[in-house]
Amino acid sequence: MQPTEPALSYDVYQHPKAIAYQQQHPRRSLPKFGPYLLLQTLGEGEFGKVKLGLHEEWGEEVAVKLMRRGNVDNQVRLSKVEREIEVLKKLKHPNIVRLYDVIETDKYIGIILEYASGGELFDHILAHRYLREKDACKLFAQLISGVWYIHQKKIVHRDLKLENLLLDRNRNVIITDFGFANRFEHKADDLMVTSCGSPCYAAPELVISEGAYVGSAVDVWSCGVILYAMLAGYLPFDDDPSNPDGDNINLLYKYIVSTTLTFPDYVSEGARHLLGIMLVPDPKYRASLQTVMQHEWLAPYLIAGLV
Ligand code: ADE
């Protein structure tokens, strides 16, 4: 009789990332979550960490967003997690993080996401101080393409900021963190009342006006803040550390609505014009996403078929 061939099996512990991680943490045994080996922390979420996961059979790299059930202890928090999952299930776009799976255990809810290996756009900008307009234009066109897509699905992100924009291995934008995302069904429902997002990126109407605000316009504002940061290398409206009341969000908004936008001299006229129509405090007069897409500054990366 012929000896039986040993079954071909994949040894995930020989994956270069697993080897590197074990060399850095020699005494730690690698924890597992479902079929994934968990390696280094990629980021900190609101309810827990995001870790690099390696599929034990295929070696596929994923991002595992782990939420301790103990941290998702009330209905508000739970519905936030559920909403993020529901929203992500509906989205399939090259510039939006892909949801692969949701794994639940006694202690954790784990969202298995596409791994964006290029890191945060924030760090990419910091490393270059600010981006060349050609590079910023490509990344911004990808951001707008993703945001246009989610708005078409009647979803607004509501927390767009540099920290939520990742890069894949080819330096394409990947939009993440849909924990604040919400749906608007009809034109009239394009008005929502919850206040959310990060102050430096949040549209003024979120704080200044009591009551309802136009959903989709808040994403346009945040995209304007992001484009400004890409081109200038700093935020247009910062909670200034030299301001002793820097943590006072109301002061930040008063500052936003009363200050005219200024630019460093290396920002072109075309970019200034585009930023000028996006960073308009009154949402009634702020450019729509369609207008943004048709702007001349974006022409080199015109998103074919959308406008
Ligand atoms: N940090 C948070 N989410 C991530 C992801 N999907 N890929 C890489 N790093 C992340």
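About the cut-offs
Residues numbered from 1 in each chain as written. Predicted model: local features only at pLDDT ≥ 70, side-chain atom pairs only at ≥ 80, totals over all residues. Heavy atoms only, no water. UniProt positions renumbered as here; feature names shortened; annotations may be inferred. Helix = DSSP H or I, 4+ residues; strand = E, 2+ residues; numbered from the N terminus. Contact = heavy atoms within 4.5 Å. Areas by Shrake-Rupley, 256 points an atom, 1.4 Å probe, with all protein chains shown as cover. Near = heavy atom within 4 Å. Polar contact = N/O pair within 3.5 Å; in protein donor to acceptor, adjacent residues only side chain to side chain. 1 Å grid on protein atoms, 1.4 Å probe; cavity = no way out; pocket = protein on both sides within 12 Å on 5 of 7 lines; lining within 4 Å. Sits in = over half its atoms within 2 Å of the grid points. Buried < 20%, exposed > 50% of the residue type's maximum accessible area, 1.4 Å probe, protein only. Pairing = 2+ DSSP bridges. Axes fitted to C-alpha atoms, helices over the stretch in contact; angles between N-to-C directions. Salt bridge = Lys/Arg side-chain N within 4 Å of Asp/Glu carboxyl O. Points joined across faces, edges and corners; volume = space filled by probe spheres on them. Nonpolar A, V, L, I, M, F, W, Y, C, P; charged D, E, K, R; others polar. Parallel < 35°, antiparallel > 145°, perpendicular 65-115°, else oblique. Left-handed = near helix turned anticlockwise from the far one by under 90°. Arc of directions from axis to C-beta.

- If you look the chain up in an unreviewed UniProt entry, it shows as Pkinase-domain-containing protein from Dacryopinax primogenitus.
- Under the Sequence similarities (unreviewed entry) heading, UniProt states for the chain: "Belongs to the protein kinase superfamily."

Here's the deal with the overall build of the chain
Piece 1. Broken down by element type, the chain carries 8 helices and 12 strands.
Piece 2. In the chain, the share of contacts with a sequence separation of at least 24, taken over all contacts with a separation of at least 6, comes to 62%.
Piece 3. Carbon and sulfur atoms form 51% of the exposed surface of the chain, whose accessible area is close to 16200 Å².

Focus on the site of the ligand
Piece 1. Taken together, the residues surrounding the ligand are Leu 42, Val 50, Ala 63, Val 97, Glu 114, Tyr 115, Ala 116 and Leu 166.
Piece 2. For the ligand, a nitrogen atom lies 2.8 Å from a polar atom in the backbone of Glu 114.
Piece 3. With respect to the ligand, the backbone of Ala 116 contributes an N or O atom lying 2.9 Å from a nitrogen atom.
Piece 4. Isolated, the ligand exposes 260 Å² of accessible area, and the fraction of that covered by the protein chains is 86%.
Piece 5. Put simply, the ligand lies in the largest pocket.

Notes on the pairing of strand 6 (residues 108–114)
Piece 1. Burial within strand 6 is extensive, with 6 of its 7 residues counted as buried.
Piece 2. Judged from the 7 bridges that link them, strand 4 (residues 61–68) and strand 6 form a sheet pairing that is antiparallel. Residue pairing across strands places Val 64 opposite Ile 112, the latter belonging to strand 6.
Piece 3. Note: strand 5 (residues 99–104) against strand 6, 5 bridges, orientation antiparallel. Paired with Asp 101 across the bridge in strand 6 is Ile 112.
Piece 4. Between the antiparallel neighbours strand 5 and strand 6 lie 3 residues.

Describing the sheet that holds strand 1 (residues 32–33)
Piece 1. Judged by pairing direction, the sheet is antiparallel, and its 6 strands sit side by side in the order 1-2-3-4-6-5 without closing on themselves. Both edges of this open sheet fall to strand 1 and strand 5, since each of them pairs with a single strand only.
Piece 2. Judged from the 6 bridges that link them, strand 2 (residues 36–44) and strand 3 (residues 49–55) form a sheet pairing that is antiparallel. In the sheet register, Leu 38 faces strand 3, and the bridge partner there is Gly 53.
Piece 3. Packing against the sheet, helix 1 (residues 16–24) makes contact with strand 2, strand 3 and strand 4, and its axis sits at approximately 70° to strand 2.

Here's the deal with the pattern of salt bridges
Piece 1. Applying the stated criterion across every chain yields a total of 10 salt bridges.
Piece 2. Between Lys 17 and Glu 61 there is a salt bridge, and its shortest N-O distance comes to 2.5 Å. Of this pair, Lys 17 sits in helix 1 while Glu 61 sits in strand 4, and the two are 44 residues apart along the sequence.
Piece 3. Lys 32 serves as the salt-bridge partner of Glu 56, at 2.8 Å between the closest nitrogen and oxygen. Within this pair, whereas Glu 56 is found in the loop between strand 3 and strand 4, its partner Lys 32 is found in strand 1, the two being separated by 24 residues in sequence.
Piece 4. Taking relative accessible area as the criterion, Lys 32 reaches 45% and is therefore assigned partly exposed.
Piece 5. Via salt bridges that share partners, Lys 65, Glu 84 and Asp 177 belong to a single interconnected network.

Quick look at the layout of surface pockets
Piece 1. Estimates place the volume of the largest pocket at around 710 Å³.
Piece 2. For the largest pocket, the lining is made up of 31 residues, of which Val 50, Glu 163, Asn 164, Thr 176 and Asp 177 are closest to its centre.
Piece 3. If you list the elements that add at least two residues to the lining of the largest pocket, you get strand 2, strand 4, helix 2 (75–90) and strand 6.
Piece 4. Split by residue class, the lining of the largest pocket holds 12 nonpolar, 8 polar and 11 charged.

Brief notes about the packing of helix 5 (residues 215–232) against helix 7 (residues 269–278)
Piece 1. Remark: helix 5 packs on helix 7, axes separated minimally by 9 Å, with the N-to-C direction vectors making an angle of 150°. Between helix 5 and helix 7, the crossing angle belongs to the class labelled roughly antiparallel. The handedness of the crossing between helix 5 and helix 7 is left-handed. Taken together, the residues of helix 7 that come into contact with helix 5 (itself represented by Val 220, Trp 221, Cys 223, Gly 224, Leu 227, Tyr 228 and Leu 231) are Ala 271, Leu 274, Leu 275 and Met 278.
Piece 2. A per-class count over the contact of helix 5 with helix 7 returns 10 nonpolar, 1 polar and no charged.

Section: helix 6 (residues 249–258)
Piece 1. Listed in full, the buried residues belonging to helix 6 are Leu 252, Tyr 253 and Ile 256. Along the axis of helix 6, the buried positions cluster into a sector of 95°, meaning they face one direction only. Among the exposed residues of helix 6, those pointing more than 90 degrees away from its buried face are Lys 254 and Ser 258.
Piece 2. Buried residues along helix 6 sit in contact with helix 5.

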